[in-house]
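What follows is the residue order along each chain.
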Amino acid sequence: MKPIHTTALLAIPLAAMLAACGAKAPPAEPLRPVRTVELRYDGVRETNRYAGVVRSRHEVDEAFRVGGKIAQRKVDVGQVVHEGDVLATVDDSDYKLAADAAQQAAEAAASLARQADSDRKRLEALRADGSVSASDDEKARTAAHTTAANAQAAAKQLDLARNRLKYTVLRASRSGVVTAVKFEAGQVVAEGQPVASIAADGDPEIVVDVPEDQVATFKKAQYKAMLASAPDETFDVVLRELSPQAAAQTRTYQARLKPAQGRKLPLGATATLVAERAAAQAQVAAIPAVALTQSGGKPAVWVVRHKSGEGTATVELAPVTVSGYRNDDVLVSGLPAGAVVVTAGVHKMAPGLHVALPAAAASAANDKVAAK
């Protein structure tokens, strides 16, 4: 009987321990936190972004008015020039010869004109006493007139030759900064071939290409711009010019916008233009496109249902009507204003799933930290 008594005594604490372990409840499953957005049917705006470049409003391509071999190059890209400064020169040897030949031709024509005029005057004096016939007098007057006209033409040819000699020196037509140089010394250029570009530094603009199907809405938008070098700094711009004709190759319309308030912009910098306008549909709400899912092959979203004052809520699938897409957003309707829609992790949702709202999750985390 003694061993049996000992075994019974040992079994009592063991049973008590097993009963204590069985009394503990399983840990509660943590709530899934979600991101949400509230549907608003007011202030929906269409937003389009365009890549552009900063250019000067006044930019000109400089070119020689005569062709020839470049003798000197006087400027480099980025150099500031003033009106009248020499940019480059062309070898003027042939043009000097042409000017000398034109001068000699003009002198010869002037001599012939003086001789013909003297002959005409002498024949007019002899005609008074009948020594010269009317035919000879008419020939003399015609010769005088012809030689005088030839002399005038030769004088104009001399002016042209001298002008072409001056054109061998290319001078800046305006003050500004040199943005491009397309020639080198020793290169042969044609008459009118652009060799350099000069941009006025005080009037920058942002140039973008607008697709053909967005031109009508682009005119009604409000514009903001930012530079690639400072993406966090935006500034207002206004539309100054919209091309009335599409480009032949790209079928886009060029738009030029200037800062609403005077400011300097680096020429050639990359810019992003943001064009916003009120959406055409009045009863639509913009939500992130990632919030959209499907129910039975039709668009739907997960809507959060919760009671006021409670930190948890459940989700349910609700159908919506899609009116259009705007960059990263989708325009929907069919839900009441103020409905809370899940915007992240929609593929992990299930009907009736309990979730934690962001505010409640943050409050619980703060309480946990305070308890520690």
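In this convention, every chain numbers its residues from 1, walking through the sequence in written order. The model is predicted, so local features are restricted to residues of pLDDT at least 70 and side-chain atom pairs to those at 80 or more, both for listing and for counting; the totals for chains, interfaces and linings are taken over all residues. Values reported for side chains reflect all heavy atoms of the structure, with hydrogen atoms and water molecules removed beforehand.

Description of the overall build of the protein
Working definition: helices are DSSP H or I runs of at least four residues, strands are E runs of at least two. Numbering for both runs from the N terminus. A count of helices and strands for the protein gives 5 helices and 24 strands. Looking at the protein as a whole, 30% of its 372 residues qualify as buried. Pairs at least 24 apart in sequence give 73% of the contacts found in the protein among residues at least 6 apart. The accessible surface values rely on the Shrake-Rupley method and a 1.4 Å probe; as for residues, cover is taken only from the protein chains in view. A total accessible area of about 23100 Å² is found for the protein, and carbon and sulfur atoms account for 53% of it. Burial here depends on accessible area, computed with a 1.4 Å probe over protein chains only, as a share of the maximum for the residue type. Under 20% is buried, over 50% is exposed, and the range in between is partly exposed. Only heavy atoms matter for contacts: two residues are in contact if any of them lie within 4.5 Å across the pair.

Re the sheet that holds strand β9 (residues 176-181)
Read across the sheet, 4 strands follow the order β4-β11-β9-β6 without closing on themselves; strand pairing throughout is antiparallel. The open sheet terminates on both sides in strands that have one partner only, identified here as β4 (59-63) and β6 (80-81). When β6 meets β9, the two strands line up antiparallel, connected through 2 bridges. Note on β9: the bridge partner recorded for Val-81 is Gly-176. If DSSP finds at least two bridges between two strands, the strands pair.

Focus on the nonpolar core
By nonpolar core is meant a set of buried Ala, Val, Leu, Ile, Met, Phe, Trp, Tyr and Cys residues that side-chain atoms within 4.5 Å join together. By size, the foremost hydrophobic cluster in this structure holds 23 residues, and its most contacted members are Ile-206, Val-208, Phe-218, Tyr-223, Val-237, Leu-257 and Leu-273. Those elements giving two or more residues to this core turn out to be β3 (45-56), β12 (204-211), α4 (215-218), β13 (222-227), β14 (230-242), β15 (252-259) and β16 (270-278). Not counting the four nearest positions on each side in its chain, Ile-206 is found in contact with Val-53, Val-54, Ala-225, Phe-235, Val-237, Ala-255, Arg-256, Leu-257, Leu-265 and Ala-271. If you look at the next biggest cluster of nonpolar residues, it comprises 16 residues, including Val-81, Leu-170, Val-178 and Val-181.

Some points on the sheet that holds strand β5 (residues 68-73)
With antiparallel pairing, 4 strands are arranged side by side in an open sheet as β8-β7-β5-β10. The sheet terminates laterally at β8 (169-171) and β10 (188-189), the two strands that pair on one side only.

Here we look at helix α3 (residues 134-166)
Under the convention used throughout, the expected extent of a helix is 1.5 Å for every residue step, that is, one less than its residue count. With 33 residues, α3 extends 48 Å between its outermost C-alpha atoms, agreeing within 8% with the 48 Å of an ideal straight helix rising 1.5 Å per residue. Among all positions of α3, only Asp-137, Ala-140, Ala-144, Thr-147, Ala-151, Ala-154, Leu-158 and Ala-161 are buried. Its buried side turned inward, α3 meets α2 (93-127).

Here we look at the confidence of the model for the protein
For the protein, per-residue confidence averages 83 on the pLDDT scale, and 83% of positions sit at 70 or higher. On a scale of 0 to 100, pLDDT captures the predictor's confidence in every residue. Note on residues 4-10: pLDDT is under 50 here. Beyond four places in sequence and across chains, it has 0 contacts. Overall, residues 360-372 carries pLDDT values under 50, and its contacts beyond four positions in sequence, including any with other chains, amount to 1 contact.

Some words on the pattern of salt bridges
A pair is scored as a salt bridge if a Lys or Arg side-chain nitrogen falls within 4 Å of a carboxyl oxygen belonging to Asp or Glu. Going through the model one piece at a time under the given rule, you end up with 13 salt bridges. Notably, a salt bridge pairs Arg-256 with Glu-205, separated by 2.8 Å at the nearest N-O pair. With Arg-256 in strand β15 and Glu-205 in strand β12, this pair connects stretches of sequence that are 51 residues apart. In this structure, Arg-256 and Glu-205 share a single accessibility class: buried.

Quick look at the side chain of Thr-252
Assignment of secondary structure puts Thr-252 in strand β15. When its relative accessible area of 15% is taken as the criterion, Thr-252 is described as buried.

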